[in-house]
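# Coordinate inspection notes
Okay, here's what each chain looks like letter by letter:
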Amino acid sequence: RFPRKIGVVTSSTGAAIRDIVSIIKRRFPPCDILIYPALVQGDQAPKDIIKGLKYLNDREDIDVIITGRGGGSFEELFPFSDEELARFIHSMKKPVISAVGHETDFSIADFVADVRASTPSMAAELAVPDGRALKDELTSLGYTFIRTVKDRLNTMENDLSAHKRSLKFLNPESVLRDRKLEIDNLLKG
């Protein structure tokens, strides 16, 4: 739920990487990002993407991996439908978010990844929690905790007061004084 480091395999020059980085940093600033620049179109792209995925998958410090690219023609997105790439993604031990193209685009990588994101921006949103929402939730939990502790302290204070009154009533001196008064009243009467 709280990734410390996200690996990203995509082009280092496209809008997709800028969107991913800015959204992750805005939503969850403590998360680090490791970018593996790769070809995302052309005949060499599947092998280059696999190389990046393997590198990130083998690292102990990576919690989740995003791979993909922004939109393009069917041919430009075709490397993400490569069988070897699909098999590799399916075999990975780290969770993979596939973010290929735009909302209407699909690739085979989308179907074998752990999660399909409709866009690279959506992948970034899926990868990290919303820090502001977490802060609000923690603030609310803090207030609830304080209110619960105050209520409990008030209950304990009331119980203590009741016990004090009870002890005062059962105090041996008070009991002896009451008995003495009773005896005095009996002897007068």
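So, here's what we can say about the structure.

About the criteria used
- The numbers attached to residues start from 1 for each chain and follow its sequence in the written order.
- In keeping with the predicted nature of the model, local features appear solely for residues at pLDDT of at least 70, side-chain atom pairs appear and are counted solely at 80 or more, and the whole-chain, interface and lining totals rest on all residues.
- In computing side-chain values, all of the structure's heavy atoms are included and hydrogens and water are not.
- What is meant by a nonpolar core is a set of buried Ala, Val, Leu, Ile, Met, Phe, Trp, Tyr and Cys residues, joined one to another through side-chain atoms within 4.5 Å.
- Exposed residues in this analysis have more than 50% of their type's maximum accessible area, buried residues have under 20%, and partly exposed residues fall in between, with area computed by a 1.4 Å probe over protein chains only.
- Secondary structure elements follow DSSP: runs of H or I no shorter than four residues count as helices, runs of E no shorter than two count as strands, and numbering proceeds from the N terminus.
- The contact criterion used throughout is that any non-hydrogen atoms of two residues lie within 4.5 Å.
- To estimate the expected span of a helix, count its residues, drop one, and scale the result by 1.5 Å.
- Pairing of N or O atoms within 3.5 Å defines a polar contact, subject to two protein rules: one partner must be a possible hydrogen donor and the other a possible acceptor, and residues neighboring in sequence count only if both atoms are side-chain atoms.
- Only strands joined by at least two bridges in the DSSP assignment are considered to pair.

## Here we look at the nonpolar core
By size, the foremost hydrophobic cluster in this structure holds 20 residues, and its most contacted members are Val9, Ile49, Leu53, Phe80, Leu85 and Ile89. Among the elements of the structure, α2 (45-58), α4 (83-91) and β4 (96-100) are those that each provide at least two residues to this core. It is α2 that provides the largest number of residues to this core, a total of 5 residues. Excluding its chain neighbours within four sequence positions, the residues that come into contact with Ile89 are Leu53, Thr67, Val96, Ala109, Val112 and Ala113. By size, the runner-up hydrophobic cluster in this structure holds 18 residues, among which are Ile23, Ala123, Val128 and Leu134.

## Description of the environment of Leu126
Its place among the elements puts Leu126 in helix α6 (residues 120-127). You can call Leu126 partly exposed: its relative accessible area is 46%. A sequence separation of 101 residues divides Leu126 from Lys25, and the C-alpha atoms of the two residues are 13 Å apart. Once you skip the residues sitting within four places of it in the chain, Leu126 turns out to touch Ile97, Val115, Arg116 and Ala117.

## Notes on helix α7 (residues 131-170)
Compared with the 58 Å implied by 1.5 Å per residue over 40 residues, the 57 Å span of α7 between its first and last C-alpha is a close match. Capping the start of α7 is the job of one residue whose side-chain oxygen sits 3.1 Å from the backbone nitrogen of Arg132: Asp130.

## Re the sheet that holds strand β5 (residues 115-116)
Sheets are built from strands that pair by backbone hydrogen bonding, the pairs being arranged parallel or antiparallel. Here 5 strands make up an open sheet; going across it, the order is β2-β1-β3-β4-β5 and the pairing parallel. Each having just a single partner strand, β2 (32-37) and β5 make up the two edges of the open sheet. Of the pairings in the sheet, the one linking strand β1 (residues 5-10) to strand β3 (residues 64-69) comprises 4 bridges and is parallel in character. Bridge pairing links Val9 to Thr67 in β3.

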